[in-house]
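Inside the fold
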Amino acid sequence: MTTPARVLRVRDRILPLGARTYVMAILNLTDDSFSGDGVGDDVDAAVRRALSAVEDGADIIDIGGESARADVPAREPREEAQFVAAAIGRISRETGAIISVDTYKAQVADAALSAGAHIVNDISGFKDGAGTATAAAKYGAGLVVNYTFERPKVRPAEPPVYADLIAQHVAFLRQGVAEAERLGVNVEGIIIDPGIAFGKSHDEDLRVLRHLRDFTSLGRPLLVAASRKHFIGSVTGAPSGHREAATVAVTALAIAGGADIVRVHDVASNVQAARIADAIVRGGAGDFAPSRESWPWAAGVEPIPGTTIEHDRD
């Protein structure tokens, strides 16, 4: 029996799964992002950033109107919804890209989807209610179900303690997928995210990354959002603006672990990492088989004296 092809359906877009990794570019419409790369309320700058990301190879643009930082106040939902929708409307028209909205607020999700977004990337794990799932179901949109320990903008009084870190994460996401389906989200539009930096120590973030294969048992595309995050600084000592090389390493290893989508700040370098990781992990014999033109001596390269063996052609 032929195994049915795995796909991700987000409104009118269909992304085949398994052949290659999709790169999701981060676009922050704030000036208080931990990574320091937000464009604030400059919609023209947001459009330029989106166009640049698409040119660099991004498949999805993830647009957020509020920082996830717990030390930054939450934005008023109606104001956020209006601003995010205006930006998404322009970016949708001018890029044609698949657009994700990074929000846990139902009002913002609905406005963004009405403006043309295809996916709701909800970091809340439905701990603030499942209004984003209802909005996604209404529009036939995709939905990211993210692991988190606490509600957005709330920092736990005590560090979480896990009896079984991976099993509890998988169970949480399984429950979230079931809830999204119950509310009408097409299962082929549901993405799971193990929530790097959401309710875990840096050591636990690394443990989750070592065990990504356990999450693929849920049968949904796996999104890894680790770009520039604090665990990288813990390992390397690099500040947030100098974590590109380490993020590229995480991207390649996440793909080896089963990631289908990687969410990143630095698009071009991570696209290259994804392509070479895909060739190694997802590729097969013959995908890059040599042709005559691929050999250096067929490309006009001068032989190096003493190193080239000349064959008698007579």
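That block above? That's the structure.
Structure report, in brief. (Residues numbered from 1 in each chain as written. Predicted model: local features only at pLDDT ≥ 70, side-chain atom pairs only at ≥ 80, totals over all residues. Heavy atoms only, no water.)

1. Observations regarding unusual backbone geometry
Phi at R11 takes a positive value of approximately 55°, unusual for a residue other than glycine. As for its position among the elements, R11 is in the loop between β1 (7–10) and β2 (13–16). Even without a glycine there, the phi angle at R228 is positive, about 60°. Relative to the assigned elements, R228 resides in the loop between β9 (223–224) and α8 (230–236). Judged by relative accessible area, R228 falls into the buried class, the value being 10%. (Helix = DSSP H or I, 4+ residues; strand = E, 2+ residues; numbered from the N terminus. Buried < 20%, exposed > 50% of the residue type's maximum accessible area, 1.4 Å probe, protein only.)

2. Looking at the pairing of strand β3 (residues 22–28)
Taking burial as the measure, the 7 residues of β3 include 7 buried ones, the bulk of the element. The sheet contact formed by β3 and strand β10 (residues 261–264) spans 4 bridges and is parallel. Paired with M24 across the two strands is R263, which belongs to β10. Judged from the 5 bridges that link them, β3 and strand β4 (residues 60–64) form a sheet pairing that is parallel. Along β4, the bridge assignment pairs L27 with I63. (Pairing = 2+ DSSP bridges.)

3. Considerations on the packing of helix α2 (residues 77–95) against helix α3 (residues 106–115)
Between α2 and α3, the least distance of the axes is 8 Å, while the angle of their chain directions is 20°. Considering their axes alone, α2 and α3 lie roughly parallel with respect to each other. Remark: the crossing between α2 and α3 carries right-handed chirality. Of the residues in α3, those touching α2 at P77, R78, E80, A81, V84, A85, I88, G89 and S92 are Q107, V108, A111, A112 and A115. Per-class residue counts for the contact of α2 with α3 are 9 nonpolar, 3 polar and 2 charged. (Axes fitted to C-alpha atoms, helices over the stretch in contact; angles between N-to-C directions. Parallel < 35°, antiparallel > 145°, perpendicular 65-115°, else oblique. Left-handed = near helix turned anticlockwise from the far one by under 90°. Contact = heavy atoms within 4.5 Å. Nonpolar A, V, L, I, M, F, W, Y, C, P; charged D, E, K, R; others polar.)

4. Observations regarding the packing of helix α5 (residues 165–182) against helix α6 (residues 202–210)
It is the contact of α5 with α6, at a shortest axis distance of 10 Å, that shows an interaxial angle of 70°. Judged by the inter-axis angle, α5 sits roughly perpendicular to α6. Across the interface between the two elements, L165, I166 and H169 of α5 pack against E204, R207 and V208 of α6. For the contact of α5 with α6, a count of residues per class yields 3 nonpolar, 1 polar and 2 charged.

Note that every value here comes from positions in space, so none of it alone points to a role or purpose.
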